[in-house]
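Coordinate inspection notes
Residue-level listing of the chains:
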Amino acid sequence: MPVWFEWMFVEAGLASLDSNCLSDVERAHLAQLRFERRRAEWLLGRWAAKQLLRRVLPQMANLPLSALSIENSPVGVPQVRLAGERLPGCLSISHRDGGALVAWTQASSGHLGVDLERVEAHSAAFAADYFTPAEQHLVAEAEQKDVALSCLWSVKEAMLKALQTGLRLDTRAVEVLALPTLEGGDWTRLPVRGPLQDEQVWLAWMRCEGQKIFSAAWCGAALQEIHWRRWIAD
Ligand SMILES: CC(C)(COP(=O)(O)OP(=O)(O)OC[C@H]1O[C@@H](n2cnc3c(N)ncnc32)[C@H](O)[C@@H]1OP(=O)(O)O)[C@@H](O)C(=O)NCCC(=O)NCCS
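The rules behind these values
- Residues numbered from 1 in each chain as written.
- Predicted model: local features only at pLDDT ≥ 70, side-chain atom pairs only at ≥ 80, totals over all residues.
- Heavy atoms only, no water.
- Salt bridge = Lys/Arg side-chain N within 4 Å of Asp/Glu carboxyl O.
- Helix = DSSP H or I, 4+ residues; strand = E, 2+ residues; numbered from the N terminus.
- Buried < 20%, exposed > 50% of the residue type's maximum accessible area, 1.4 Å probe, protein only.
- Contact = heavy atoms within 4.5 Å.
- Core = buried A, V, L, I, M, F, W, Y, C linked by side-chain atoms within 4.5 Å.
- Near = heavy atom within 4 Å.
- Polar contact = N/O pair within 3.5 Å; in protein donor to acceptor, adjacent residues only side chain to side chain.
- Areas by Shrake-Rupley, 256 points an atom, 1.4 Å probe, with all protein chains shown as cover.
- Nonpolar A, V, L, I, M, F, W, Y, C, P; charged D, E, K, R; others polar.
- Pairing = 2+ DSSP bridges.
- Axes fitted to C-alpha atoms, helices over the stretch in contact; angles between N-to-C directions.
- Parallel < 35°, antiparallel > 145°, perpendicular 65-115°, else oblique.
- Left-handed = near helix turned anticlockwise from the far one by under 90°.

1. Focus on the pattern of salt bridges
- In the structure shown here, the tally under the stated rule is 19 salt bridges.
- A salt bridge links Lys156 to Glu135; the nearest nitrogen and oxygen atoms lie 2.8 Å apart. Pair noted here: Lys156 is in helix α5 (residues 145–162) and Glu135 is in helix α4 (residues 133–141), with a separation of 21 residues, a long-range link.
- Relative accessible area serves as the criterion here: at 0%, Lys156 is assigned to the buried category.

2. Remarks on the environment of Arg46
- Note on placement: Arg46 falls in helix α2 (residues 36–56).
- Arg46 sits 47 residues away from Ile93 along the chain, and the two C-alpha atoms are 8.3 Å apart.
- In contact with Arg46, not counting residues within four places along its chain, are Leu22, Glu26, Ile70, Asn72 and Ile93.

3. Digging into the nonpolar core
- The biggest cluster of nonpolar side chains holds 28 residues, and the ones touching the most others in it are Leu53, Leu57, Leu68 and Trp104.
- When contributions to this core are tallied by element, the ones reaching two or more residues are β1 (3–11), α2, β2 (68–72), β3 (78–82), β5 (90–96) and β6 (99–105).
- Excluding its chain neighbours within four sequence positions, the residues that come into contact with Leu68 are Ser23, Glu26, Lys50, Leu53, Leu57, Met60, Val80, Arg81, Leu82 and Leu87.
- Formed by 26 residues, the second largest nonpolar core is a distinct cluster that contains Phe126, Leu149, Met159 and Ala204.

4. Some thoughts on the site of the ligand
- Near the ligand lie 19 residues; those nearest to it are Arg38, Ser94, His95, Lys161 and Leu167.
- Contacts to the ligand include Ser94, whose side-chain N or O atom sits 2.7 Å from an oxygen atom.
- Leu167 places a main-chain nitrogen or oxygen 2.5 Å from an oxygen atom of the ligand.
- Taking 890 Å² as the accessible area of the ligand by itself, protein coverage stands at 69%.
- Here the residues of the shell around the ligand sort into six nonpolar, seven polar and six charged.

5. Some words on unusual backbone geometry
- Even without glycine at this site, Ala83 takes up a positive phi of about 50°.
- Looking at the secondary structure, you find Ala83 in the loop between β3 and β4 (85–86).
- Phi at Glu199 is positive, roughly 70°, even though this residue is not glycine.
- Mapped onto the fold, Glu199 is located in the loop between β10 (192–193) and β11 (201–209).

6. Brief notes about the sheet that holds β6
- Ordered in space as β5-β6-β1-β13, the four strands form an open sheet in which the pairing is mixed. Only two strands of the sheet have a single partner each, and these edge strands are β5 and β13 (226–230). The average undirected angle you get between the axes of adjacent strands in this sheet is 15°.
- In this sheet, β6 lies alongside β5 in antiparallel orientation, the contact comprising seven bridges. From the neighbouring strand, Leu91 faces β6, where its bridge partner is Trp104.
- Together, β1, β5 and β6 form the strand contacts of α2, whose direction differs from that of β6 by roughly 35°.

7. Regarding the packing of α4 against α5
- The contact between α4 and α5 brings their axes to 8 Å, and the two run at 150°. Taken together, α4 and α5 sit at an angle that is classed as roughly antiparallel. Like other packed secondary-structure pairs, α4 and α5 cross with a definite hand, here right-handed. Counted together, Glu135, Leu138, Val139 and Ala140 of α4 and Lys145, Ala148, Leu149, Leu152 and Lys156 of α5 form the full contact between these two elements.

Shown next, in the form of structure tokens:
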């Protein structure tokens, strides 16, 4: 059976953001966020996720976006509720510089993480503190060191979300083993390793659009025949 990984990237300027898309629980959460930047990125992430879910969930056919409620678990993982019931599947959200990357799969035999970064310069101390010696070697060998380091960081963040720990776990506990040659702008698999339980596997992907880096990771049961499908917001 093919497994679909549905995704969307939205830039704030292009989105017709509207807090009417929020559920009562989400409205209450938004009201507690004090910083304008955080409020804006949080709302963009919710709006983008709901635009995506509206397209891929048949139950949403005749319902307003506010029928969905995306609430964070105690450790921060976004979970989707419809009429109070948690929907099976995995959602992941990342925001950066006025953009939001969201992805969803109905597969529920593992966890999905995505991360959005942009290529930027990092200090030598950053590389030494957060990356394994083998990853530092990959960067040293790379022609474009800033690109390599930004890509590695993005994949690590996606993996830490798939583990549901975020940065509570040492970033060196997950490792990128090689950087792919990114051609054609599609999602490209790359080898990674990290903590696993019995019967679990790691899968990781990356794609670049200009200076933007999109990463994704799956930690869970092996999945055959994965298809990525991009959706565009209205
Ligand atoms: C998860 C984490 C790695 C995200 O890092 P980031 O690059 O700053 O932010 P991103 O925009 O890429 O991702 C944020 C989204 O990650 C998701 N997220 C948060 N915690 C998560 C977790 N433990 N597992 C999976 N996803 C998580 C949320 O959906 C969040 O967006 P939302 O708050 O709008 O719902 C980071 O926030 C983290 O480690 N948090 C947990 C530990 C913590 O709070 N530490 C304090 C800072 S060190």
